[in-house]
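Listed below, chain by chain, are the residues.
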Amino acid sequence: MTTKIALVGIGKIALDQHVPALAASPDWDLAATISRHGQVPGIPAFADFATFLADRPDIPVVSLCLPPVPRFDYADAALKAGRHVMLEKPPGATLAEVHTLEAMARERGLTLFATWHSRMAHAVAPAKAWLKDKTVRQAHITWREDVRKWHPGQDWVFQPGGMGVFDPGINALSILTEILPTPVHLTRAMLEFPANRQTPIAAQLTFSNNVSADFDWRQQGPQTWDIIVQTDRGQLALRMGGNVLEIDGQPTAGENTIMGEYPALYARMADLLRTGASDVDLAPMVHVADALTLGERITTDAFDF
Ligand code: NAP
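Predicted, not measured: the structure shown is a model, and the values here were computed from it.

Next up on the list: the overall build of the protein. In terms of regular secondary structure, the protein is built from 9 helices and 15 strands. Since a compact globule built from 305 residues should have a radius of gyration of about 19 Å, the 19 Å found for the protein is in line with a globular shape. Taken over the C-alpha atoms alone, the protein extends approximately 55 × 45 × 35 Å along its principal axes. Partitioning the intrachain contacts of the protein with sequence separation of at least 6 by distance along the chain shows that 72% fall at a separation of at least 24. Taken together, the 26 basic and 34 acidic charged side chains of the protein have centroids lying 2 Å from each other.

Here's what the structure looks like:
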């Protein structure tokens, strides 16, 4: 049996990942979209969220694919209207607003799922299992991609609340916080802000326990999404955004594709609904907030799409 779901914010990620994942899922029936400009062929479309909530009480779940800043108002309205809610990453523009949503969902007996798609990458669970009984000596993240490819013309990423290079970087942090056997905390950050922008385009982070990260949005050519962990009993490398696992240089688990992540998120949402649970883990976003709190600011070249 399928559950009706509505997608809100029909833009890049909704069309790239959410629509195909829902179409292939045995759990879900995409029953409406809500977007000011975007639509999905064949699916009833609303331009206004309040109208949708009033007209379609038969759709119990909404998945919010908007950028983080406008998302809170939609989540707030959805929960007040008794709908279960799925949030794209990062789950909000601030930590406090997500705590508010979590409390609202709990009070109303609704499911709130703050998704981290990179945690669903093929090799994350095997990496976590391998690290479980090891001592981590050092870990380094290299997350270098081309903002023009992944966020073409999306000025919101450089506006307050858009998080800049932490928009992809938080994916790496969602994996790090999932696989490390012992949590770490940020101790230093260097943030590069384009002269004409409000959010960083690159960041170098230092954490406790010899953990570090290099995020850069100016990478052209091959993209790099690697996490290397040195332990007392060998080296783990997670490549392709957590989809491929190498132990001591040998491919060990995973699949070289990102296409399993969103199907896994929707399967998880179906499980949460069945059990009446929520899943809201803000650990990755705490590191971003800490970097923006503690980070040294360097002004770099202006950036335009
Ligand atoms: P996007 O295409 O720029 O935005 C998605 C849609 O949200 C837009 O098409 C727009 O639809 C609606 N929207 C934008 N600003 C709005 C506002 N102020 N008020 C109401 N609606 C607004 O962004 P995206 O790339 O899909 O990213 C959305 C979220 O997905 C972000 O949190 C991002 O981190 C996450 N994500 C993105 C990617 C990626 O590769 N781009 C990958 C994974 C996760 P209408 O104009 O039709 O209303």
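Right, let's get into the packing of aromatic side chains. The full count for this structure, using the stated rule, is 10 aromatic pairs. The interplanar angle of 15° and the centroid separation of 5.8 Å between the aromatic rings of phenylalanine 49 and phenylalanine 52 together place this pair among those described as stacked. Taken as a pair, phenylalanine 49 and phenylalanine 52 lie in helix H2 (residues 49-55) at a separation of 3 residues, close to a single helical turn. Summarising the burial analysis for this pair, phenylalanine 49 and phenylalanine 52 share the class buried.

Inspection of the region around the ligand gives 26 residues, with Ser35, Arg36, His37, Lys89 and Asp167 positioned closest. Side-chain polar atom of glutamine 154 to an oxygen atom of the ligand: 3.0 Å apart, as the coordinates give it. At a separation of 2.8 Å, an oxygen atom of the ligand approaches a polar side-chain atom of tryptophan 156. Taking 880 Å² as the accessible area of the ligand by itself, protein coverage stands at 83%. Secondary-structure elements contributing two or more residues to the shell around the ligand are helix H1 (12-23) and helix H3 (68-80). Of all the elements, H3 adds the most residues to the shell around the ligand, at 4 residues. Classifying every residue of the shell around the ligand gives 12 nonpolar, 8 polar and 6 charged. If you count residues domain by domain, the shell around the ligand takes at least three from each of domain 1 (3-114) and domain 2 (118-257 + 289-300).

Attention now moves to the domain arrangement of the protein. With domains assigned, the protein is organised as domain 1 (3-114) and domain 2 (118-257 + 289-300). Taking only C-alpha atoms into account, the centre of domain 1 sits 27 Å from that of domain 2. Facing the 10 residues of domain 1 at the interface are 13 residues of domain 2. In terms of surface lost to domain 2, no three residues of domain 1 exceed Lys12, Lys89 and Pro90, which account for 54% of the buried area on that side. Counting across the domain 1 and domain 2 interface gives 1 salt bridge.

This part is about H3. An α-helix turns once every 3.6 residues. As a result, residues three or four positions apart point the same way. In a regular helix each residue adds 1.5 Å, so 13 residues correspond to 18 Å; H3 covers 19 Å between its end C-alpha atoms and thus fits that length. Looking only at H3, the buried set comprises Pro68, Arg71, Phe72, Ala75, Asp76, Ala78 and Leu79. All buried residues of H3 project into a common sector of 165° when viewed along the axis, lining one side. Across from the buried face of H3, at angles greater than 90 degrees, the exposed residues are Asp73 and Lys80.

Here we take up H1. An ideal rise of 1.5 Å per residue puts 16 Å on 12 residues; H1 measures up with 16 Å between its terminal C-alpha atoms. Turning to H1, its buried residues are Ala14, Gln17, His18, Val19, Ala21 and Leu22. The inward-facing, buried residues of H1 contact strand S1 (3-8), strand S2 (28-34), strand S4 (61-64) and helix H8 (261-275).

This part is about unusual backbone geometry. Lysine 89 connects to proline 90 through a cis peptide bond whose omega is -15°. With respect to the helices and strands, proline 90 occurs in the loop between strand S5 (84-87) and helix H4 (95-108). Notably, methionine 163 is not glycine yet its phi reads approximately 75°, a positive angle. Turning to its location among the elements, methionine 163 is positioned in the loop between helix H6 (147-150) and helix H7 (166-179). You will see that asparagine 209, though not glycine, has its phi angle at about 60°, which is positive. Here asparagine 209 is to be found in the loop between strand S9 (202-207) and strand S10 (211-216). Under the relative-accessibility criterion, asparagine 209 is labelled partly exposed at 45%.

Quick notes on the rules
- Residues numbered from 1 in each chain as written.
- Predicted model: local features only at pLDDT ≥ 70, side-chain atom pairs only at ≥ 80, totals over all residues.
- Heavy atoms only, no water.
- Helix = DSSP H or I, 4+ residues; strand = E, 2+ residues; numbered from the N terminus.
- Rg over C-alpha atoms; globule rule 2.2 N^0.38 Å.
- Contact = heavy atoms within 4.5 Å.
- Lys, Arg positive; Asp, Glu negative; His and termini not counted.
- Charge placed at Lys NZ, Arg CZ, Asp CG, Glu CD.
- Phe/Tyr/Trp six-rings, centres within 6.5 Å; stacked < 30°, edge-to-face > 60°.
- Buried < 20%, exposed > 50% of the residue type's maximum accessible area, 1.4 Å probe, protein only.
- Near = heavy atom within 4 Å.
- Polar contact = N/O pair within 3.5 Å; in protein donor to acceptor, adjacent residues only side chain to side chain.
- Areas by Shrake-Rupley, 256 points an atom, 1.4 Å probe, with all protein chains shown as cover.
- Nonpolar A, V, L, I, M, F, W, Y, C, P; charged D, E, K, R; others polar.
- Domains from an automatic or database assignment.
- Buried area = accessible area lost by both parts, 1.4 Å probe.
- Salt bridge = Lys/Arg side-chain N within 4 Å of Asp/Glu carboxyl O.
- Expected span 1.5 Å × (residues − 1).
- Arc of directions from axis to C-beta.

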